[in-house]
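Structure at a glance
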Amino acid sequence: MDSRASVQARYEEILERFLFAPGTPEAELELAAAFELGRSLVCGKASPDDIVALHQEAVGHIARRHPTLLLGQIAGRLDQPLLELTMAHGMAFREQLDHRIQELVRREQASKLEALGTLSAGIAHDFNNIVGCILGFAEMAGDDLPAGSRGQGHVEQIVQACFRARDLVARMLTYARQTPEKTRRLNVAEQVREILAILAASLAPKLRVEFSDESGQACIQASPGQIHQVVMNLCLNAADAMLHEGLIQIRLQPAARCADAPPGHRDDLCLQITDSGPGMSPAVQARAFEPFFTTKAPHGSGLGLSVTQGIVHQLGGEITLNSRSEGPETGTTFRIYLPIDHSAPPGPGEAP
Ligand SMILES: Nc1ncnc2c1ncn2[C@@H]1O[C@H](COP(=O)(O)OP(=O)(O)OP(=O)(O)O)[C@@H](O)[C@H]1O
Ligand SMILES: [Mg+2]
């Protein structure tokens, strides 16, 4: 960081050059330099009072160096650099403040998710014991029944349901971050097609889903369950928003084609889900990813988006939200950016 004396010297240089070159291209450069200095002063924690003191001191020094000029004249001509300096300082200060507020909100959300994780880990643990008990007795009951009987068929259904319940428990534990989910090289387009086939059965007849795949077979590192949850949550939200009629557009494309890809994700794969629903007001958008935030009480749990965001972050990706709730064209777009797996695909016979 610059010392007070070197900042003072730099500012004086800027002012002095500006003083003797008003209205020239050089003066514009000095104004830009004053602007830059204003921004950098925020990092040095300078207050607005410091800036006024800096300016007054600089004007005083310049007046002493140029006794032929009147102090009032000098001060009058140097208003413009002061304005640039102050403006840049104010803007940068505001940015820092916004950033700090966002960080606080993010931390609060993380702590809510952590509490939820602990809770679900506890429930999952107890649930696992109960399922284990049902499974054990069901298997014993199946062994006691005559082979091929109806009763044995029913017991077999119970056993299968128990295995599904165990799967669910494994997912809850993953959510609680007790066991990391096993990821593998995954073709996202294939996964989306599978999910859409399942989803089609549960959507209202007038709700249409279009999928355009421009991914060029790009793969990512994830588990099928993670992608399943992400796509399902977003499609179900879209369907909820549109009630009975409308269009859900899903698009898979390189992030380089998305104008607003966040920094660090421009080489990712982008999964975009757009609906033609009523959109979200700015107030709803601000809280949409918050755990337990829902406008669908008492049916919604408010966990869909926070879980989705958690998964996307776990995969090293990012999720963005754009929504319009006013004007003729309302609707919502979620974009999910996921790092592409550039490793060579496994050869025949190799594990994926
Ligand atoms: N596509 C969308 N269009 C309009 N509003 C949406 C959309 N997606 C989410 N929302 C808003 O964000 C809120 C939070 O969504 P989230 O998926 O986290 O919870 P939920 O859908 O209310 O409940 P859950 O998914 O747990 O059943 C929703 O209640 C809704 O107000
Ligand atoms: Mg939801």
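Coordinates for the structure precede this section.
Below you will find a few notes about this structure. (Residues numbered from 1 in each chain as written. Chains lettered and ligands numbered in written order. Predicted model: local features only at pLDDT ≥ 70, side-chain atom pairs only at ≥ 80, totals over all residues.)

This paragraph deals with helix H3 (residues 48-65). Compared with an ideal rise of 1.5 Å per residue, which puts 18 residues at 26 Å, H3 spans 26 Å between its outermost C-alpha atoms and is within 8% of the ideal. For H3, every residue scored as buried is listed here: Leu54, His55 and Ala58. Each buried residue of H3 sits inside an arc of 95 degrees when the element is viewed along its axis, so together they form one side. In H3, the exposed residues that point more than 90 degrees away from the buried face are Asp49, Val52, Gln56 and Arg64. (Helix = DSSP H or I, 4+ residues; strand = E, 2+ residues; numbered from the N terminus. Expected span 1.5 Å × (residues − 1). Buried ≥ 20, exposed ≤ 12 C-beta atoms within 10 Å, placed from the backbone. Arc of directions from axis to C-beta.)

Let us look at unusual backbone geometry. For Leu243, which is not a glycine, the phi torsion comes out positive at approximately 55 degrees. In this structure, Leu243 sits in the loop between helix H8 (224-242) and strand E4 (246-254). The exposure class assigned to Leu243 is exposed, which follows from the 12 C-beta atoms found within 10 Å.

It is at 9 Å that the axes of H8 and helix H10 (residues 304-314) come closest, and there the two elements cross at 145 degrees. The two elements H8 and H10 meet at a crossing, and its hand is left-handed. Where H8 approaches H10, its residues Gln226, Gln229, Val230, Asn233, Leu234, Leu236 and Asn237 are matched on the opposing element by Gly304, Leu305, Val307, Thr308, Ile311 and Val312. (Axes fitted to C-alpha atoms, helices over the stretch in contact; angles between N-to-C directions. Left-handed = near helix turned anticlockwise from the far one by under 90°. Contact = placed C-beta atoms within 7 Å.)

Working definition: the strands of a sheet are paired by backbone hydrogen bonds and lie parallel or antiparallel to each other. The strand order E2-E4-E5-E7-E6 describes an open sheet built from five strands, whose pairing is mixed. The two strands at the open ends of the sheet, each matched to only one other strand, are strand E2 (207-213) and strand E6 (318-324). Adjacent strand axes in the sheet meet at a mean angle of 10 degrees, parallel and antiparallel pairs treated alike. With seven bridges joining them, strand E5 (residues 269-275) and strand E7 (residues 331-338) adopt antiparallel strand pairing. From the neighbouring strand, Cys270 faces E7, where its bridge partner is Tyr337. This element, H8, spans E2, E4, E5 and E7 of the sheet and lies at about 20 degrees to E5. (Pairing = 2+ DSSP bridges.)

Remember, this is a structural readout, not a statement about activity or role.
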